[in-house]
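Each chain, written out:
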Amino acid sequence: MSQQRIPAWVTVIGVPLVNILLAAIVSGFVFMYLNISPIDAVKTMAYGAFGSSYGWGYTLYYTTSFIFTGLAVAVAFHASLFNIGGEGQAYVGALGVGLVCLLLGGKIPFLLLLPLSIIAGGLFGALWAFIPAWLQATRGSHVVITTIMFNFIAASFMAYLLVEVLKPEGSMAVESAVFHEASWIPKIWELAGTMGIKMQRSPLNLSIIWALICSVFVYFFIWRTKWGYEIRSLGQNASAAEYAGINLNKTIIMTMLISGMLAGFFALNVVQGEAHQIKLSLVNGMGFTGIAVALMGRNHPIGIVLASLLFGFLYQGGGELQFEYGVDPRIIVVLQGLVILFSGALEHMTKHPVENAYLKLSQLVGKQEAKGA
Amino acid sequence: MKALLTLAAATVIGMSGAAVAADFKPAVVYDTAGKFDKSFNEAVFRNGAEKFVTETGIRVREFEPQNEEQREQGLRTLAQRGQSPIVAVGFNMASAVTKVAAEFPDVQFAIIDSVVDLPNVQSMLFAEHEGSFLVGALAAMVSETDKVGFVGGMDIPLISKFACGYEQGVKYVTENAEVFQNMTGSTPAAFGDPARGSELAKSQIAKGADVVFAAAGGTGIGVYQAAKDEGVYAIGVDSNQNYLQPGTMLTSMVKKVGVATYQTWKDAEAGNFQPGIKVFDLASGGVDYAIDQYNEALITDEMKTKVEAIKADIIAGKIKVHDYTATMSCTY
């Protein structure tokens, strides 16, 4: 349509921002319908999510969870595999992390235990992704179908283990015993306290560092390694990739193992970092939200970290709305849905108008500059 | 970053100062079933929170967690905001209360159906076995087949306590009666599965049961519907559920969690918050069977005299109702 080139920042930053703005405007109408002033609602959400060390501790805690599940989905996306089994992989990853903490907590030093729990979480998550991957590679069973079915299997499997094996004697709630204190991942507020900075108690823990390390790892893995190249080739054109000598089956399985591993790390944050016990349905749909995070973040680690922050804000700020106005807690789902609708499904609705606006604006600026000269 | 942290620290100090000066700020955290479950949580809402607000005009903060994790966050946020006392509804809250109450030793907590042994926590326990004994006795009086059913929610000692009391009540009236027992599931989802409740009730009715008692929260709705469809009696639980299916609801085993919640707030407001275990039994009116305009036609005067006599005997200690949770078995 236009001969002029559109700079990358317009598409990468401008379009998502406009999308989020549109979602915010529509959310505003929802609030007006609920008899809540949209301005007050935004204030409440912003204060709840960032107004205190308690608020942003929770926001970043959720962000950490979303980074893990978002990265998991993104890695698979690059091979055009739609892994919607993050929910189940994270849940089974929790089993790995939990078993290490339950069996070794207090028996070996934390610095020895942490690598083991990281490995166990990743390994269990990867194993849960392996079966769908293997079926896809060798049998052609579509990974969308198998991963979603594996979510149900994971839910039943974990419920069985919690009720029959992990539930301590005399307890009625479906959850494992609390881990030994020596196996807990240190909280940020505690660390800040030892450095003389006073912070309110919040679940934010050191897993966020691991989440950021994983983001860097995913960047290098996808764009700077031979395996990443194979994954992207498979994703863009499977027949061409095969013709170029890439082993498709091997690549599918490798991609899904990495994807499952990242989802499994989710448990470090939620189980070892915060709950300190395996609880029933601890993933709470965050595996599914990871899909939205990856979509919004354009499958790029930087985008995913930012999208995770946005969803962390929606989660924490939305919860605050519930406290303040007593609105139905499902309002958070409505807000998320609007963000996903505008930035995922209706992305192209705003793409051209925003690009055109940029072109018009730059022409205008160009003309004025020409006049000035 | 550091400036931000200091700013945050300043807010903390500012907030804790405000919390001390604040007046009476009660709060309640419901369980995941939600406050309109027509049963357990709704009893806390109708007879506790709603009543307290209309009578005193004091705002009660409410929180309905959507999942396991939010239970703890809800408690912590309320405590952080200086709400006290905070009532936690249901045994599922036990681990969350244990953690958060330890973090906030100055905030008063109360938990229903569980014991949390901390100096700032009140544990409210109910004698469900005694109330269930009464409705069991009533069930046996109306049963023509001498077969009655029990549909439990989650398979835990607390629900077995209902089942065991019910069975004793049935057999007290009709010694050779048969009691069919089914549990809906092993996770909290079992308290919100009316479809399965209906199936279980239907299978018990097919085996000959003509009264079905549901101690299953939201699952009970399906049980009462099945009983109505099949033309047999059902017994409600926790709230007075007689109005749900008038004509086939024989009675309800009411567990006055709302009254207990109300009382806890009243006590705390007067400065008499009592930590430790508080038991609500038949004698103190914590559990009972319900008669109202929806079921008075079903309970004859003769039945009423009989069940009142049993009630007096239990209170007087002449009838000893075995508590399942005391021995973790139903041998009496």
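What you see is a predicted model; the values in this text were computed from it and never measured.

Conventions we followed
- Residues numbered from 1 in each chain as written.
- Chains lettered and ligands numbered in written order.
- Predicted model: local features only at pLDDT ≥ 70, side-chain atom pairs only at ≥ 80, totals over all residues.
- Heavy atoms only, no water.
- Helix = DSSP H or I, 4+ residues; strand = E, 2+ residues; numbered from the N terminus.
- Rg over C-alpha atoms; globule rule 2.2 N^0.38 Å.
- Buried < 20%, exposed > 50% of the residue type's maximum accessible area, 1.4 Å probe, protein only.
- Areas by Shrake-Rupley, 256 points an atom, 1.4 Å probe, with all protein chains shown as cover.
- Patch = residues over 30% accessible without salt bridge, like charges linked within 9 Å, V, L, I, M, F, W, Y side chains within 5 Å.
- Salt bridge = Lys/Arg side-chain N within 4 Å of Asp/Glu carboxyl O.
- Contact = heavy atoms within 4.5 Å.
- Disulfide = S-S within 2.5 Å.
- Pairing = 2+ DSSP bridges.
- Axes fitted to C-alpha atoms, helices over the stretch in contact; angles between N-to-C directions.
- Core = buried A, V, L, I, M, F, W, Y, C linked by side-chain atoms within 4.5 Å.
- Buried area = accessible area lost by both parts, 1.4 Å probe.
- Polar contact = N/O pair within 3.5 Å; in protein donor to acceptor, adjacent residues only side chain to side chain.
- Nonpolar A, V, L, I, M, F, W, Y, C, P; charged D, E, K, R; others polar.
- Expected span 1.5 Å × (residues − 1).
- Domains from an automatic or database assignment.

Points about the overall build of chain A
Inference 1: Of the regular secondary structure elements, chain A holds 15 helices and zero strands.
Inference 2: At 22 Å, chain A has a C-alpha radius of gyration in line with the 21 Å of a compact globule built from 373 residues.
Inference 3: For the C-alpha atoms alone, the extent of chain A along its principal axes is close to 80 × 60 × 40 Å.
Inference 4: A total of 373 residues make up chain A; the buried ones form 54% of that total.
Inference 5: Roughly 16,800 Å² of accessible area belongs to chain A as shown, and the carbon and sulfur atoms make up 69% of that amount.

Some details on a nonpolar patch on the surface
All names here are of chain A.
Inference 1: Side chains of Ile-119, Leu-123, Leu-127, Phe-130, Ile-131, Trp-134 and Leu-257 sit close together on the surface and give an oily, nonpolar patch of about 620 Å² of accessible area.
Inference 2: With six residues, the single largest contributor to the nonpolar patch is helix 5 (residues 110–139).
Inference 3: Checked against the element boundaries, Leu-123 lands in helix 5.
Inference 4: The exposure class assigned to Leu-123 is partly exposed, which follows from its relative accessible area of 48%.

Topic: helix 9 (residues 226–236) of chain A
Inference 1: Residues of helix 9 of chain A that are buried: Gly-228, Glu-230, Ile-231, Ser-233 and Leu-234 of chain A.
Inference 2: Turning to helix 9 of chain A, the residues buried within the fold contact helix 3 (53–78), helix 8 (207–224), helix 10 (238–243) and helix 11 (248–275) of chain A.

Observations regarding the state of the cysteines
Inference 1: Taken as a whole and assessed by the stated rule, the structure comprises one disulfide over all chains.
Inference 2: Across a sulfur-sulfur distance of 2.0 Å, Cys-164 of chain B and Cys-330 of chain B are joined as a disulfide pair. Across the S-S bond of Cys-164 of chain B and Cys-330 of chain B the torsion is about 95°, and the bridge reads as right-handed. Linking Cys-164 of chain B in helix 6 (residues 157–173) with Cys-330 of chain B in the segment after helix 11 (324–327), this pair joins segments that are 166 residues apart in sequence.
Inference 3: Cys-164 of chain B gets classed as buried once you look at its relative accessible area, which sits at 1%.
Inference 4: You can call Cys-330 of chain B partly exposed: its relative accessible area is 26%.
Inference 5: Between Cys-101 of chain A, a free cysteine, and Cys-214 of chain A, which holds the nearest cysteine sulfur, the sulfur-to-sulfur gap is 17 Å.
Inference 6: On the basis of relative accessible area, Cys-101 of chain A is assigned to the buried category, the value being 1%.

Concerning the sheet that holds strand 4 (residues 109–112) of chain B
All names here are of chain B.
Inference 1: The six strands lie next to each other as 2-1-3-4-5-11, forming an open sheet whose pairing is parallel. Each edge of the open sheet carries a strand with a single partner, namely strand 2 (61–63) and strand 11 (276–280). The mean inter-strand angle of the sheet, taken between neighbouring strand axes irrespective of direction, is 20°.

Brief notes about the environment of Gly-297 of chain A
All names here are of chain A.
Inference 1: Tracing the chain through its elements places Gly-297 in the loop between helix 12 (286–296) and helix 13 (301–325).
Inference 2: Along the primary structure Gly-297 and Tyr-47 are separated by 250 residues, whereas in three dimensions their C-alpha atoms are 25 Å apart.
Inference 3: With residues up to four places along the chain from it excluded, the contact list for Gly-297 reads Gly-303, Ile-304 and Ala-307.

Comments concerning the sheet that holds strand 9 (residues 233–238) of chain B
All names here are of chain B.
Inference 1: The six strands lie next to each other as 7-6-8-9-10-12, forming an open sheet whose pairing is mixed. Both edges of this open sheet fall to strand 7 (178–185) and strand 12 (287–289), since each of them pairs with a single strand only. Here the strands of the sheet are splayed against their neighbours by 15° on average, with no regard to which way each runs.
Inference 2: On top of the sheet, helix 7 (residues 194–206) reaches strand 6 (147–154), strand 7 and strand 8 (211–215); it is set at about 160° to strand 7, its chief contact.
Inference 3: Lying over the sheet, helix 8 (residues 220–230) contacts strand 6, strand 8, strand 9 and strand 10 (249–255), oriented at roughly 160° with respect to strand 9.

Considerations on the nonpolar core
Inference 1: Counting 172 residues, the largest nonpolar core has Leu-262 and Leu-282 of chain A together with Ile-112, Phe-162, Tyr-166 and Phe-213 of chain B as the members making the most contacts within it.
Inference 2: Take this core: its biggest share by element is 14 residues, from helix 11 of chain A.
Inference 3: Phe-213 of chain B has contacts with Ser-132, Val-135, Gly-149, Phe-150, Val-151, Phe-162, Tyr-166, Ile-235, Gly-236, Val-237 and Met-253 of chain B, leaving out every residue within four places of it along the chain.
Inference 4: Ranked by size, the runner-up nonpolar core spans 21 residues in total, among them Val-29, Leu-75, Ala-96 and Phe-104 of chain B.

Structural notes on the interface of chain B and chain A
Inference 1: In this assembly, 36 residues from chain B lie in contact with 36 residues from chain A.
Inference 2: Interface of chain B and chain A: buried area, both sides summed, is about 3,500 Å²; carbon and sulfur atoms make up 55% of it.
Inference 3: Between Lys-279 of chain A and Glu-72 of chain B there is a salt bridge whose closest N-O contact spans 3.5 Å.
Inference 4: On the surface where chain B and chain A come into contact, there are 11 residue pairs in polar contact (both at pLDDT 80 or more).
Inference 5: Going through the elements one at a time, helix 1 (2–21), strand 2, helix 3 (68–80), helix 4 (94–103) and helix 6 of chain B are the ones with two or more residues in the side of chain B that touches chain A.
Inference 6: In terms of residue count, helix 3 of chain B provides more of the side of chain B that touches chain A than any other element does, nine residues in total.
Inference 7: Grouping the constituent residues of the side of chain B that touches chain A by class yields 14 nonpolar, 11 polar and 11 charged.

Comments concerning the pairing of strand 10 of chain B
Residue and element names in this part refer to chain B.
Inference 1: Taken across its seven residues, strand 10 has seven buried, putting it largely inside the fold.
Inference 2: Strand direction decides the pairing type here: strand 9 and strand 10, joined by five bridges, are parallel. Considered in strand 10, the bridge of Ala-234 is made with Met-249.
Inference 3: Bridging between strand 10 and strand 12 involves three bridges; their strand directions are antiparallel. Opposite Met-253, over in strand 12, you have Tyr-289 as the bridge partner.

Overview of helix 6 of chain B
Inference 1: Relative to the 24 Å expected for 17 residues at 1.5 Å per residue, helix 6 of chain B spans 25 Å between its end C-alpha atoms, a close match to the ideal helical length.
Inference 2: With 14 of 17 residues buried, helix 6 of chain B is to be regarded as a mostly interior element.

Overview of the domain arrangement of chain A
Residue and element names in this part refer to chain A.
Inference 1: Split by domain assignment, chain A resolves into domain 1 (1–36 + 327–373) and domain 2 (57–312).
Inference 2: Distance between the C-alpha centres of domain 1 and domain 2: 31 Å.
Inference 3: On the domain 2 side, the residues contacting the eight residues of domain 1 number six residues.
Inference 4: Buried surface at the junction of domain 1 and domain 2, summed over both partners, amounts to about 680 Å²; 69% is from carbon and sulfur atoms.
Inference 5: For the interface between domain 1 and domain 2, the tally reads zero salt bridges.
Inference 6: Applying the counting rule to domain 1 against domain 2 returns zero residue pairs in polar contact (both at pLDDT 80 or more).
Inference 7: If you list the elements that add at least two residues to the side of domain 1 that touches domain 2, you get helix 1 (8–33) and helix 14 (331–345).
Inference 8: For the side of domain 1 that touches domain 2, the element with the most residues is helix 14, which contributes four residues.
Inference 9: Class assignment for the residues of the side of domain 1 that touches domain 2 results in four nonpolar, three polar and one charged.

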